[in-house]
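# Observations on the model geometry
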Amino acid sequence: LSVDMAHAVHPNYASKHEKGHAPAMNEGMVIKTNTNQRYATNGVTGFVVRELGRRCGTPVQEFAVRNDCPCGSTIGPILTANTGMRAVDLGMPQLSMHSCREMMGKSDLTFANRLFRAFYTDFREVDDALETK
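Residues numbered from 1 in each chain as written. Predicted model: local features only at pLDDT ≥ 70, side-chain atom pairs only at ≥ 80, totals over all residues. Heavy atoms only, no water.

### Observations regarding the side chain of threonine 45
Its location among the elements puts threonine 45 in helix α1 (residues 43-56). On the accessibility criterion, threonine 45 (7% relative accessible area) is buried. Apart from the residues within four sequence positions on either side, threonine 45 is in contact with Ala40, Arg86, Ala87 and Val88. (Helix = DSSP H or I, 4+ residues; strand = E, 2+ residues; numbered from the N terminus. Buried < 20%, exposed > 50% of the residue type's maximum accessible area, 1.4 Å probe, protein only. Contact = heavy atoms within 4.5 Å.)

Now the structure itself:
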């Protein structure tokens, strides 16, 4: 897991988000995806997190960066490139990232705690059930 924060949809800048990929505060953890590989998430790792969320009753949201908008990166792609480990980039949604008025939802801390516990207790079972060809 490569975890930090995720951009929640800001009401003043909703057009900066892809339709259907609009993370909201207090609605669960966010799987972050970028077609330019700025995040480590791929189909398999995203599935694993969605399955862990389903098992522990934690909602999971999706965030995909618009192709015409630049974005930062995380340590996830560096870890996967240098170690060969699979990784997924996750975050708790927050408004106004990098500003003096950052804010996030309290419920998302509970959701994160549940998902992290599920990762440590259920990952092996979920991973072993994957069928790769």
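More follows now that the structure is in view.
### A short note on the packing of aromatic side chains
On inspection of all chains with the given rule, the structure shows 2 aromatic pairs. Each ring, one from phenylalanine 119 and one from phenylalanine 123, has its centre 5.2 Å from the other, and the planes form 45°; the classification is tilted. Here phenylalanine 123 and phenylalanine 119 lie together in helix α3 (residues 106-129), a separation of 4 residues that amounts to about one turn. Grouping aromatic residues by their ring pairs yields a cluster made of Phe119, Tyr120 and Phe123. (Phe/Tyr/Trp six-rings, centres within 6.5 Å; stacked < 30°, edge-to-face > 60°.)

### Some remarks on the environment of methionine 97
With respect to the helices and strands, methionine 97 occurs in the loop between β4 (89-95) and β5 (103-104). Taking C-alpha positions, methionine 97 is 23 Å from valine 49, a pair spaced 48 residues apart along the chain. Contact partners of methionine 97, with chain neighbours within four places excluded, come to Met5, Ala6, His7 and Glu102.

### Let's talk about the environment of asparagine 34
Tracing the backbone through its elements, the reader meets asparagine 34 in the loop between β2 (29-33) and α1. In sequence terms asparagine 34 and threonine 74 are 40 residues apart; their C-alpha atoms lie 11 Å from each other.

### Points about the nonpolar core
Counting 15 residues, the largest nonpolar core has Met29, Val49, Leu52, Leu90 and Leu115 as the members making the most contacts within it. When residues in this core are grouped by element, the largest group, 5 residues, is from α3. With near-sequence residues (within four places) excluded, valine 49 lies in contact with Leu1, Ile31, Val60, Val88, Leu90 and Leu115. (Core = buried A, V, L, I, M, F, W, Y, C linked by side-chain atoms within 4.5 Å.)

### Comments concerning the pairing of β2
Of all 5 residues in β2, 4 are buried, a share of seventy percent or more. Bridging between β2 and strand β3 (residues 60-64) involves 5 bridges; their strand directions are parallel. Opposite lysine 32, over in β3, you have phenylalanine 63 as the bridge partner. Where β2 and β4 come together, 3 bridges link them in antiparallel fashion. The residue of β4 that forms the bridge with isoleucine 31 is leucine 90. (Pairing = 2+ DSSP bridges.)

### Notes on α3
A rise of 1.5 Å per residue sets the reference length of α3, with its 24 residues, at 34 Å; its end C-alpha atoms lie 33 Å apart and thus fit the reference within 8%. The sharpest bend along α3 measures roughly 65° and falls at aspartate 122. The inward-facing, buried residues of α3 contact β2, α1, β4 and β5. (Expected span 1.5 Å × (residues − 1). Bend = angle between axes of the 7 residues up to and from the residue.)

### Some points on the side chain of aspartate 122
Within the element layout of this structure, aspartate 122 appears in helix α3. One buried charged residue, aspartate 122, remains without a salt bridge, the closest side chain of opposite sign being arginine 55 at 4.7 Å. Of note is the side chain of aspartate 122, whose polar atom sits 3.3 Å from the side chain of threonine 121. Contact partners of aspartate 122, with chain neighbours within four places excluded, come to Leu52 and Arg55. (Lys, Arg positive; Asp, Glu negative; His and termini not counted. Salt bridge = Lys/Arg side-chain N within 4 Å of Asp/Glu carboxyl O. Polar contact = N/O pair within 3.5 Å; in protein donor to acceptor, adjacent residues only side chain to side chain.)

### Focus on the pattern of salt bridges
Scanning the model with the defined rule gives 8 salt bridges in all. Of the charged contacts in the structure, one is a salt bridge between aspartate 4 and lysine 32, with a shortest N-O distance of 2.6 Å. Taken as a pair, aspartate 4 in strand β1 (residues 2-7) and lysine 32 in strand β2 lie far apart in primary sequence, 28 residues in all. Under the relative-accessibility criterion, lysine 32 is labelled buried at 4%. Here arginine 50 makes a salt bridge to glutamate 62, at a shortest N to O gap of 2.8 Å. Here glutamate 62 lies in strand β3 and arginine 50 lies in helix α1, a separation of 12 residues in the sequence. The network of salt bridges with shared partners includes Glu51, Arg54, Arg55 and Glu125.

No statement about biological role is implied by the geometric values presented.
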